[in-house]
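Here are the chains, one letter per residue:
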Amino acid sequence: MKVTVDGQEIDVEPGTTILQAARKIGGESVPPAMCYYSKLKGSGGKCRCCLVEVSKGSDADPRPMPKLVASCVTGCMDGMEVKSITSERVLDARKSVTEFLLINHPLDCPVCDQAGECDLQNLSFKHGAAKTRFIEDKRTFEPENIGPNIQLHMNRCILCYRCVMTADQLTDTRVHGVLNRGDHAQISTYISKAVTNEFSGNMIDVCPVGALTDKTFRFKQRVWFNKPYNAHRDCDKCCGKTTLWMFGNEIQRVTARKDEFHEVEEFICNECRFDHKDVADWTIEGQLKDEKDSVINQTNYTRKEEPVKLGSENQILLGRDKDRQKISMTQVPLKPEEEQVLKKGNY
């Protein structure tokens, strides 16, 4: 089947969703997704971030779909034409969805461990508004220890259900879920239960915000100060393929490897994640290459760096004259009295 997304045509297999087709094309046309996770069955259709406009249903029925559709749960049809970033309706809808997600989400990025790799943070930069129209108080919860290695910050949760699906599909001992309904809905464990299963750490990796945090990494470091390395070890419980986040020679945290869409490639066990923080336990393959727009990539020495040269006489960086031109304010001339003060030097 042939599908066109923002003017780019691609061949896809029957059963492919619009979001999957857009991801095959890549680039800016890929809709954001906060709840969909390709490794989790039944995910998608909850956050409404991936709304797109179908301007042509198919070759058999070329009528456009009257409403915006969630690309993660809408299948492709032969000859379908989709608008993502080329539709004003879609961009307005994403702004509205972003505003809705931020109704109860606190603006605590400066103290949040997820800052720098947060999907909601990226969504807010692209589609967020500088002001809020919400005058009511936000929901507030106390941080909750739901296991020996995980702390829950329900204030930041957007109820994407990813952590529930992860526990449901990776283990047979799920002890947490969504309690209550509507505005009172929250993630929590059952009475007197703790999340202790061997793959519980993957809940941290799939969380798109900072609601589930790693207690061994909590407040230890900003992710962009760490250098991520792909590494592996022999493990009888999981694949053993991980990403080590290192500060110097110290392993500060271990996560599963993720693809360009921030999705885990293969889930790992808690032993690899929490118990092996010694470099000698791992075979390091090389530094991870992040996407070009990632804040983590700012400290990535795998990129080609331009040399910095100093002038021999004035000891100033090359290009300084150009910088002076950029910051000059010839468009806003000085007032006569200001010129006199500047000439006399009485300032």
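Small disclaimer: the values here were computed from a predicted structure and weren't measured.

Draft legend 1. Highlighting the sheet that holds strand β12 (residues 241–247). Spatial strand order, β13-β12-β11-β14: four strands in an open sheet with antiparallel pairing. Looking along the sheet, the strands with just one partner apiece sit at the ends: β13 (250–256) and β14 (283–287). Shown here is a sheet whose adjacent strand axes are inclined to one another by a mean of 35 degrees, direction ignored. With six bridges joining them, β12 and β13 adopt antiparallel strand pairing. By the bridge assignment, Thr242 is partnered in β13 with Ala256.

Draft legend 2. Geometry of the pairing of strand β11 (residues 227–232). Alignment of β11 against β12, held across six bridges, turns out to be antiparallel. Of the residues in β12, the one forming a bridge with Pro228 is Trp245. Pairing of β11 with β14, which is carried by four bridges, proceeds in the antiparallel orientation. Bridging from a neighbouring strand, His232 pairs with Thr283 of β14.

Draft legend 3. How the structure looks around unusual backbone geometry. Phi at Leu159 takes a positive value of approximately 55 degrees, unusual for a residue other than glycine. Classification of Leu159 as partly exposed rests on a relative accessible area of 21%.

Draft legend 4. Region of the structure containing the pattern of salt bridges. Applying the stated criterion to the full structure yields 16 salt bridges. Close ionic contact of Asp11 with Lys2 constitutes a salt bridge, the shortest N to O distance being 3.0 Å. A relative accessible area of 52% means that Asp11 is categorised as exposed. Lys237 is the salt-bridge partner of Glu271, the closest N and O atoms lying 3.2 Å from each other. Note that Glu271 is positioned in helix α6 (residues 270–275) and Lys237 in the loop between β11 and β12, a separation of 34 residues in sequence. On the accessibility criterion, Glu271 (21% relative accessible area) is partly exposed. Looking at Lys237, the relative accessible area reads 40%, which means it is partly exposed. Because the salt bridges share partners, they merge into one network encompassing Glu198, Arg233, Lys237 and Glu271.

Draft legend 5. Fine view of the environment of Lys277. With respect to the element layout, Lys277 can be found in the loop between α6 and β14. Once the C-alpha coordinates of Lys277 and Val254 are considered, the two residues, 23 residues apart in sequence, prove to be 7.7 Å apart. Sequence-distant contacts of Lys277, defined by excluding residues within four places in its chain, comprise Thr216, Ile251, Gln252, Arg253 and Val254.

Cut-offs and rules
- Residues numbered from 1 in each chain as written.
- Predicted model: local features only at pLDDT ≥ 70, side-chain atom pairs only at ≥ 80, totals over all residues.
- Heavy atoms only, no water.
- Pairing = 2+ DSSP bridges.
- Helix = DSSP H or I, 4+ residues; strand = E, 2+ residues; numbered from the N terminus.
- Axes fitted to C-alpha atoms, helices over the stretch in contact; angles between N-to-C directions.
- Buried < 20%, exposed > 50% of the residue type's maximum accessible area, 1.4 Å probe, protein only.
- Salt bridge = Lys/Arg side-chain N within 4 Å of Asp/Glu carboxyl O.
- Contact = heavy atoms within 4.5 Å.

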